[in-house]
Amino acid sequence: MIKWLLIFGFIAIFFMGRKSTFVKPASVDIWKPVEDLEPKYSRFRELDPKTYQAFKNELDEAKRELLNPSIEYLKGSNLNRSAKHLRDAVDYFSLLTASLPSGDSPYHEEIAEIAIEIAVVGEKAIIDAAEETNQEFTPFMTNALIE
């Protein structure tokens, strides 16, 4: 009998000491600043529709990961997956300059500025979600821009 009580006690201590896998979702409005940038970046969709669609898909995945947290403990933070999709989206958006003629086009600089703005605003949304849901997140793109 004592043997079973000890086993049950150790099991209870083990489960009480484990980190919870439940992560509360971030508020829906947290991604709104990124969506508000759409008039700026949508003007460039005709430069390369395939690359633009890849950009939009990655941006949508970043939003989905941010607003729909995973309860699967071993997959890692949804914030990090959201940040990865955001980085990929920024990379795809930056690739739109490859569709422009070489030379001094004012659009090269404008696309670069918008890509930086998407990166900063997107990571700010992820940082806000981390604070709101009590998760850890280290910004990658914002830190790279500061250095």
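Quick caveat: nothing in here was measured; it's all calculated off a predicted structure.

A. Region of the structure containing the packing of helix α5 (residues 78-95) against helix α6 (residues 106-133). One way to put it is that α5 packs onto α6 with a least axis distance of 9 Å and a crossing angle of 170°. Judged on the interaxial angle alone, α6 and α5 are roughly antiparallel. Contact residues: α5 offers L79, S82, A83, L86, V90, F93 and S94, while α6 offers I111, I114, A115, I118, A119, G122, E123, I126, A129 and A130. Looking at the contact of α5 with α6 residue by residue, the class counts come to 13 nonpolar, three polar and one charged.

B. Structural detail: the confidence of the model for the protein. Confidence in the prediction for the protein averages 80 pLDDT; 72% of positions are at 70 or higher. With pLDDT under 50 throughout, residues 18-22 is counted as low confidence; its partners more than four residues away or in other chains account for five contacts. Low confidence marks residues 72-76, where pLDDT is under 50. Its contacts with residues over four positions away, or in another chain, come to five contacts.

C. α6, seen in detail. Its 28 residues give α6 an end-to-end C-alpha distance of 41 Å, which sits within 8% of 40 Å, the value for a rise of 1.5 Å per residue. Downstream of α6 by a residue or two, N134 has a phi angle that is positive, lying close to 55°.

D. Representation of helix α4 (residues 49-67) within the structure. Here α4 contains 19 residues, and its C-alpha end-to-end distance of 27 Å stays within 8% of the 27 Å for a straight helix at 1.5 Å per residue. Buried within α4 we find T51, Y52, A54, F55, K56, E58, L59, A62, E65, L66 and L67. On its buried side, α4 packs onto α2 (32-35), α3 (38-41), α5 and α6.

E. Here's a closer look at the pattern of salt bridges. Applying the stated criterion to the full structure yields nine salt bridges. Measuring nitrogen to oxygen at the nearest pair gives 2.5 Å for the salt bridge that ties E35 to K63. Residue E35 is found in helix α2, and its partner K63 is found in helix α4; the two are separated by 28 residues along the sequence. Judged by relative accessible area, which is 36%, E35 ranks as partly exposed. With relative accessibility at 27%, the residue K63 sits in the partly exposed group. Where R64 meets E65, a salt bridge forms, and the shortest distance between an N and an O atom there is 3.2 Å.

Reading the values: rules and limits
- Residues numbered from 1 in each chain as written.
- Predicted model: local features only at pLDDT ≥ 70, side-chain atom pairs only at ≥ 80, totals over all residues.
- Heavy atoms only, no water.
- Axes fitted to C-alpha atoms, helices over the stretch in contact; angles between N-to-C directions.
- Helix = DSSP H or I, 4+ residues; strand = E, 2+ residues; numbered from the N terminus.
- Parallel < 35°, antiparallel > 145°, perpendicular 65-115°, else oblique.
- Contact = heavy atoms within 4.5 Å.
- Nonpolar A, V, L, I, M, F, W, Y, C, P; charged D, E, K, R; others polar.
- pLDDT = per-residue confidence, 0-100.
- Expected span 1.5 Å × (residues − 1).
- Buried < 20%, exposed > 50% of the residue type's maximum accessible area, 1.4 Å probe, protein only.
- Salt bridge = Lys/Arg side-chain N within 4 Å of Asp/Glu carboxyl O.

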